[in-house]
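Here are the chains, one letter per residue:
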Amino acid sequence: MTYDVIVRDGLWFDGTGAPPQVRNLGIRDGVVSVVSAGRLDETGCGEVIDAAGKWVVPGFIDVHTHYDAEVLLDPGLRESVRHGVTTVLLGNCSLSTIYASSEDAADLFSRVEAVPRKFVLGALEAKKTWSGPTDYVRALDELPLGPNVGSLLGHSDLRTAVLGLGRATDDRVRPTDTELDRMAAMLDEALDAGLLGMSGMDAAIDKLDGDRYRSRALPSTFATWRERRKLIGVLRRRGRILQSAPDVDNPLTGLLFFLSSSRMFGRRKGVRMSLLVSADSKSMPGSATIFGPLTRLLNAVLGSSVRFQHLPVPFEVYSDGIDLPVFEEFGAGTAALHLRDQLERNQLLADTEYRRRFRREFDRRKLGASLWHRDFHDAVIVECPDEALIGKSFGVIADERGLHPLDAFLDVLIDNGERNVRWTTVLANHRPRQLDKLAAEPSVHMGFSDAGAHLRNMAFYNYPVRLLKRTLDASRTGVPFLTVQRAVYRLTAEVADWFGLDAGTLREGGRADFAVIDPAGLDESVDGYYEEEVPFYGGLRRMVNRNDAAVVATGVGGVVVFRNGQFRDGYGSTVKSGRFLRAGARQLQRV
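The structure displayed is predicted, hence computed values, not measured ones.

Reading the values: the criteria
- Residues numbered from 1 in each chain as written.
- Predicted model: local features only at pLDDT ≥ 70, side-chain atom pairs only at ≥ 80, totals over all residues.
- Heavy atoms only, no water.
- Helix = DSSP H or I, 4+ residues; strand = E, 2+ residues; numbered from the N terminus.
- Rg over C-alpha atoms; globule rule 2.2 N^0.38 Å.
- Buried < 20%, exposed > 50% of the residue type's maximum accessible area, 1.4 Å probe, protein only.
- Contact = heavy atoms within 4.5 Å.
- Areas by Shrake-Rupley, 256 points an atom, 1.4 Å probe, with all protein chains shown as cover.
- Lys, Arg positive; Asp, Glu negative; His and termini not counted.
- Charge placed at Lys NZ, Arg CZ, Asp CG, Glu CD.
- Salt bridge = Lys/Arg side-chain N within 4 Å of Asp/Glu carboxyl O.
- UniProt positions renumbered as here; feature names shortened; annotations may be inferred.
- Patch = residues over 30% accessible without salt bridge, like charges linked within 9 Å, V, L, I, M, F, W, Y side chains within 5 Å.
- Domains from an automatic or database assignment.
- Buried area = accessible area lost by both parts, 1.4 Å probe.
- Arc of directions from axis to C-beta.
- Axes fitted to C-alpha atoms, helices over the stretch in contact; angles between N-to-C directions.
- Parallel < 35°, antiparallel > 145°, perpendicular 65-115°, else oblique.
- Left-handed = near helix turned anticlockwise from the far one by under 90°.
- Nonpolar A, V, L, I, M, F, W, Y, C, P; charged D, E, K, R; others polar.
- Pairing = 2+ DSSP bridges.
- Phe/Tyr/Trp six-rings, centres within 6.5 Å; stacked < 30°, edge-to-face > 60°.
- Lys NZ or Arg CZ within 6 Å of the ring centre and 35° of its normal.
- Right-handed = clockwise from strand over helix to strand, strands pointing away.

Any details on the overall build of the chain? Residues and values, ideally.
Within the chain one finds 20 helices and 23 strands. The C-alpha radius of gyration of the chain comes to 24 Å, within 12% of the 25 Å expected for a compact globule of 591 residues. Referenced to the eigenvectors of the C-alpha coordinate spread, the extents of the chain come out at roughly 80 × 60 × 50 Å. For the chain, with 591 residues in total, the buried portion stands at 63%. Taking all contacts inside the chain whose residues are at least 6 apart in sequence as the whole, residues at least 24 apart take part in 77%. Of the roughly 21400 Å² of accessible surface on the chain, 51% is carried by carbon and sulfur atoms. One finds the centroid of the 75 positive side-chain charges in the chain at a distance of 6 Å from the centroid of its 78 negative side-chain charges.

The following block contains the structure:
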């Protein structure tokens, strides 16, 4: 019998955490037909990959993306797949495009995820053929998908469809019992269609786009816990998952998620929850040391099933002017981002009373929990018309000019054209030792790349490769924090099991989603800064990652779609390698 693909002499990791072995994989009809210690007959085989000296791993799983619009424009989702990712999860952070109208969905999604609204709306108006979850799943599965795709139902999407976007973002409105019952029924319908669960959002930092309700918070943030408990009850009955985020301004809301997940109070089943976010934050330096132990304690005491998503790389962000979501933490920041006209925004930024208010909010925020460390000495200019400022921090400029750091920041933006000043900072995960501890912490799981969003702010498409590099480096220096096989497990089968995805292992009889990694390519290039023009976003240049020397090949559904830095002909247009992963379908029993 002939094989479609043979992967020869690679160090094979099955994804379960078992020790790797040098093996030959024979792939036929999209399935791993054989894993053999001996050579396979290559006669008639369409493609042979010589993996000697390389790692053959299950395709990585990215459980936190915002590709909901991009998948309609470019179903190949190349920026993830070229880094060995073979499965992505849509519908995070309460945002999906399943029930809401195209206009409402664009208003929900665009400003939150920093993707130009005209492209989101254009994609939905041109491509949306569904009005509910069954047709949505069918529509996505008919696309020439590159990777596999699964999805959650967004609570903001659901709430908007039932209440209307205006009522859904009005804090005076409480859904009637009939409306709550309708939400529950629509969630049930989505789970019947194969969605993995629901996503929510409790932090009011994210704002609406568009003209009708611009700068209001997302609908999910207006929900009472009575509403949340009703929907979580549906998830409990169906054995599905909740992804959400507690309110950073009210840490006690985190406890409510543990209680809602719990098997206590006469409940037979708990609810698996994946929450944002576990990180070594500069604004809360002590949190990294207590986060894991506290989560494990609450899970044990309350019988809960809660994990926090973790990005296993330094959380480095860039901003063009003030266009960074962290500024939504301040009322003054939201007021500036509310204005799309550059002249109006500049006038506001220069206004004396506005600055006084912004300084007051900025200084007060230092006393509470925050996403941003608010240290302008740790915010460095990388592009600016005034070249003398490049390489300086705003804090240094403030010291030189004898100004409050916020005033120096705003002055530089106004003097040089607000969107012409590009600067960078690291928000979290800056201490290697703490980062290693979090990567090994059992109460966290890997995720939170935000792939497909924040196009000019950050790029974490290759975080699995970067974790493998750190794992290998630590092993070579004699201070390991994970074995390589454990790191592979954390990036594959562990998250697949938690979310209920049919993915994550590479074994006989299972679907052939895989990546071939050259450990010699796990070098400093994986941490580099790159940009690339995006044709389907009007030529906008977005941040990307590039480490083609590390990822030798990516295979999805038994098709080698990326090899030696190139995608196969027809990828994402005429070649369909991925599929929609419906809840309930699982691979072989994990060992």
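Now, onward.
Summarise the pattern of salt bridges; cite the residues concerned and give the values.
Close approach of charged atoms allows side chains of opposite charge to pair. Going through the model one piece at a time under the given rule, you end up with 52 salt bridges. Note that Arg214 and Asp209 form a salt bridge whose closest N and O atoms lie 2.5 Å from each other. Overall, the relative accessible area of 12% leaves Arg214 in the buried class.

Could you give an account of the UniProt feature "domain: Amidohydrolase" (unreviewed entry) in the chain, with specific residues and numbers?
Using the residue numbers shown here, the UniProt feature "domain: Amidohydrolase" (unreviewed entry) corresponds to residues 47–201. As annotated, residues 47–201 has a helix share of 45% and a strand share of 17%, and its two end C-alpha atoms lie 45 Å apart.

I'd like to hear about a nonpolar patch on the surface, residue by residue, with values.
Together, Leu294, Leu297 and Val301 give the surface a local cluster of nonpolar side chains, amounting to about 290 Å² of exposed area. Checked against the element boundaries, Leu294 lands in helix 11 (residues 287–302).

Give me the domain arrangement of the chain: which residues, what numbers.
Domain parsing of the chain yields domain 1 (57–314 + 429–589) and domain 2 (317–428). Computed from C-alpha atoms alone, the centre-to-centre distance between domain 1 and domain 2 is 29 Å. Listed per partner, the contact involves 26 residues of domain 1 and 27 residues of domain 2. Contact with domain 2 buries surface across domain 1, with Ile205, Lys282 and Asn457 losing the most and accounting together for 28% of the total.

Any chance you could break down helix 15 (residues 394–401) for me, citing the residues and the numbers?
Within the sequence span of helix 15, burial applies to Phe394, Gly395, Ile397 and Ala398. Taken down its axis, helix 15 places every buried residue within 160° of arc, on the same side. In helix 15, those exposed residues whose orientation departs by more than 90 degrees from the buried face are Asp399 and Glu400. Buried residues along helix 15 sit against strand 15 (380–383), helix 16 (405–416) and strand 16 (422–428). A positive backbone phi angle near 65° is found at Gly402, which sits one or two residues after helix 15.

Residues and numbers for the packing of helix 5 (residues 133–141) against helix 8 (residues 177–193), please.
Packing of helix 5 against helix 8 leaves a shortest axis separation of 8 Å and a crossing angle of 30°. When the axis of helix 5 is compared with that of helix 8, the two are roughly parallel. Where helix 5 crosses over helix 8, the two elements pack in a sense that is right-handed. Here helix 5 contributes Pro133, Thr134 and Val137 to the contact with helix 8, which in turn contributes Glu189, Ala190 and Ala193. Its residues placed into classes, the contact of helix 5 with helix 8 shows 4 nonpolar, 1 polar and 1 charged.

Break down the sheet that holds strand 13 (residues 305–310) for me, with residues and values.
What the 6 strands build is an open sheet, ordered 9-10-11-12-13-17; its pairing is parallel. Among the strands making up the open sheet, the edge pair consists of strand 9 (153–154) and strand 17 (444–446). By the bridge criterion, 3 bridges tie strand 13 to strand 17 in an arrangement that is parallel. Looking at strand 17, one finds that Gln309 is bridged to His445.

Account for the packing of aromatic side chains, with residues named and values stated.
Taken as a whole, this structure holds 28 aromatic pairs when the rule is applied. Ring geometry for Trp130 versus Tyr136: centroids 5.1 Å apart, planes at 75°, classification edge-to-face. According to the relative accessible area criterion, Tyr136 is buried, its value standing at 1%. Three or more aromatic residues joined by ring pairs form one cluster here, namely Phe327, Phe330, Tyr354, Phe358, Phe362, Trp372, Phe376, Phe394, Phe409 and Trp423. Positioned above the aromatic ring of Phe567 is the side chain of Arg78, whose terminal nitrogen or guanidinium carbon lies 5.6 Å from the ring centre. It is Arg228 that lies over the ring of Trp225; its NZ or CZ is 5.1 Å from the centre.

An account of the pairing of strand 11 (residues 241–244) is requested, with residue identities and associated values reported.
Residue alternation in strand 11 divides its side chains into two sets, Ile241 and Gln243 and Leu242 and Ser244, and both sets are buried. In this sheet, strand 11 lies alongside strand 10 (residues 197–199) in parallel orientation, the contact comprising 3 bridges. Opposite Gly197, over in strand 11, you have Ile241 as the bridge partner. For the crossover that starts at strand 10, traverses helix 9 (residues 225–238) and ends in the parallel strand 11, the hand is right-handed. For the crossover from strand 11 across helix 10 (residues 252–261) to strand 12 (residues 272–275), the handedness is right-handed.

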